[in-house]
Amino acid sequence: MDYIFFLKGITIGFAMAVPVGPIGIMCIRKTLTEGRLRGMVIGLGAATADLFYASVAAFGLTFISDTLISQKFWIRLVGGALLLFLGIRIFRALPKDPKIRIENGGMLRSYLTTVFLTLTNPLTIFAFLAVFAALGLDSELKYFSAAVLVAGVFIGSCLWFFILSSGTILFRNKLDLDGLKWVNKIAGILIIISSCIAFGSLL
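Now for a quick tour of the structure. Here the structure is a predicted model, which means the values were calculated and not measured. Numbering of residues starts from 1 in each chain and follows the order in which that chain's sequence is written. For a predicted model such as this one, the threshold for reporting local features is a pLDDT of at least 70, and the threshold for listing and counting side-chain atom pairs is 80 or more; totals across whole chains, interfaces and linings nevertheless cover every residue. Processing note: side-chain calculations cover all non-hydrogen atoms of the structure and skip hydrogens and water entirely.

On to the packing of helix α3 (residues 36-58) against helix α7 (residues 124-134), then. Helix-helix packing is characterised by the crossing angle of the two axes and by the distance between the axes. Between the N-to-C directions of two axes lies an angle of 0 to 180 degrees, each axis being a line fitted to C-alpha atoms and, for a helix, fitted only over the stretch in contact. Secondary structure follows DSSP: runs of H or I at least 4 residues long count as helices, runs of E at least 2 residues long count as strands, and numbering of each begins at the N terminus. Across the interface, α3 lies against α7 with an axial gap of 9 Å and an inter-helix angle of 55°. Taken together, the axes of α3 and α7 are oblique relative to one another. Relative to α7, the crossing made by α3 is right-handed. Seen from α3, the contacting residues are Asp 50, Tyr 53, Ala 54, Val 56, Ala 57 and Ala 58; seen from α7, they are Thr 124, Ile 125, Phe 128, Leu 129 and Phe 132. Taken together, the residues that form the contact of α3 with α7 break down as nine nonpolar, one polar and one charged. Roughly parallel means an angle under 35 degrees; roughly antiparallel, over 145; roughly perpendicular, 65 to 115; everything else is oblique. Two helices cross in a left-handed way if the nearer one is turned anticlockwise from the farther one by less than a right angle. They cross in a right-handed way if the turn is clockwise. We call two residues in contact whenever any of their non-hydrogen atoms come within 4.5 Å of each other. Any residue outside Ala, Val, Leu, Ile, Met, Phe, Trp, Tyr, Cys, Pro, Asp, Glu, Lys and Arg is labelled polar, Gly included; the first ten of those are nonpolar and the last four are charged.

Okay, structure coming up:
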C-alpha cells in the first residue's frame, strides 16, 4: 500500500508547485533566456525546498517547524531582500543571443539560490500540514511510509517544473534579442513586486 503514499505525494507536490510565484517566474525567465536545462535547475531547487518542508511535516519534526515559525519575520525579511536584489539584477540583465551556446557554469549557484529563496517562506510547513490532514495523512506515519510520501512530493514538484519549462521552451526560438530584453524587464518587475508583497506581509 506504500505506493498509495507515493501517488498522494506526487499529487501534493505537483499541486503545491503549480501556483506561479517568483520561483515560477524565475523558471520561465531562465528557460526563455538560457534554455530548458537552466529552467529545470530552478525547478530542482524549488523541489528540494519542498522536500525539506514536506519532511518536516511528514516526520513530525516539530522542533524544526517551531524554530522556523518563531523566526519567520527575519526569514521572510531576508527572503524579501533577496527577491528585491534578484528582481533588480534581472531587470538590468542584458539578454544573450539564444542561438549562442550557453556554458553550464553557474548552475550550482542558481540551484542553491532557489533552494534558499524557497525556504524563506516557512509558512509552507502549514500548507503541507493542511494538505496532509485533508488527505487523511495527519496521523502518525511509519518512517518508510513518510519517506515514500515526501519522495512523491519531490517528484511531483519536479514534474510541474518540467512541464513548465518544456512548455516555455516552445517560445524561446521565436524571441529575438529585443524580445528577450522584454522578458528580463517583465520578470524583473514581477519579482520586485513579489519582494514588495513579502515586505508588506511583515507589517
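With respect to the secondary-structure elements, Ser 165 resides in helix α8 (residues 143-169). Among all residues touching Ser 165, those that are not within four sequence positions of it are Cys 27, Thr 31, Arg 36 and Met 40.

On to α7, then. Among all positions of α7, only Thr 124, Ile 125, Phe 128 and Phe 132 are buried. One side of α7 holds all its buried residues, which, seen down the axis, span an arc of 105°. The buried label applies to any residue whose accessible area, calculated with a 1.4 Å probe on protein chains only, is under 20% of its type's maximum; exposed applies above 50%, and partly exposed to all values in between. To obtain the arc, one takes the directions from the helix axis to the C-beta atoms.

One number sums up the size of the largest pocket: a volume of about 670 Å³. Taken together, 27 residues make up the lining of the largest pocket; nearest its centre are Gly 21, Pro 22, Ile 23, Thr 118 and Asn 121. For the lining of the largest pocket, the secondary structure elements donating two or more residues are α1 (2-17), α2 (22-34), α3, α5 (72-92), α6 (107-119), α8 and α9 (177-200). Counting residues per element, the lining of the largest pocket draws most heavily on α5, which supplies four residues. Looking at the lining of the largest pocket, its residues break down into 14 nonpolar, 11 polar and two charged. Cavity: a set of points on a 1 Å grid over the protein atoms alone where a 1.4 Å probe fits but cannot get out. Pocket: an open set with protein on both sides within 12 Å along at least five of seven lines, its lining residues, like those of a cavity, having an atom within 4 Å of a point. Grid points are joined across faces, edges and corners, and a volume is the space filled by probe spheres set on the points.

This part is about the packing of aromatic side chains. What characterises a pair of aromatic rings is the spacing of the ring centres plus the angle enclosed by the ring planes. Stacked, tilted and edge-to-face are the three classes assigned to paired rings of Phe, Tyr and Trp, where Trp is represented by its six-membered ring and a pair needs centres within 6.5 Å; plane angles under 30 degrees give stacked, over 60 edge-to-face, the rest tilted. Counting across every chain of the model gives two aromatic pairs. Ring geometry for Phe 14 against Trp 160: centres 5.7 Å apart, planes inclined by 85°, an arrangement best described as edge-to-face. With Phe 14 in helix α1 and Trp 160 in helix α8, this residue pair connects regions lying 146 residues apart in the sequence. Residue classification places Phe 14 among the partly exposed positions, given a relative accessible area of 26%. When the centroid spacing of 5.5 Å and the interplanar angle of 55° are considered together, the rings of Phe 52 and Tyr 53 count as tilted. Whether a charge sits over a ring comes down to the Lys NZ or Arg CZ being within 6 Å of the ring centre and within 35 degrees of the ring normal. One cation-aromatic arrangement involves Lys 185 over Phe 91; the distance from NZ or CZ to the ring centre is 4.2 Å.

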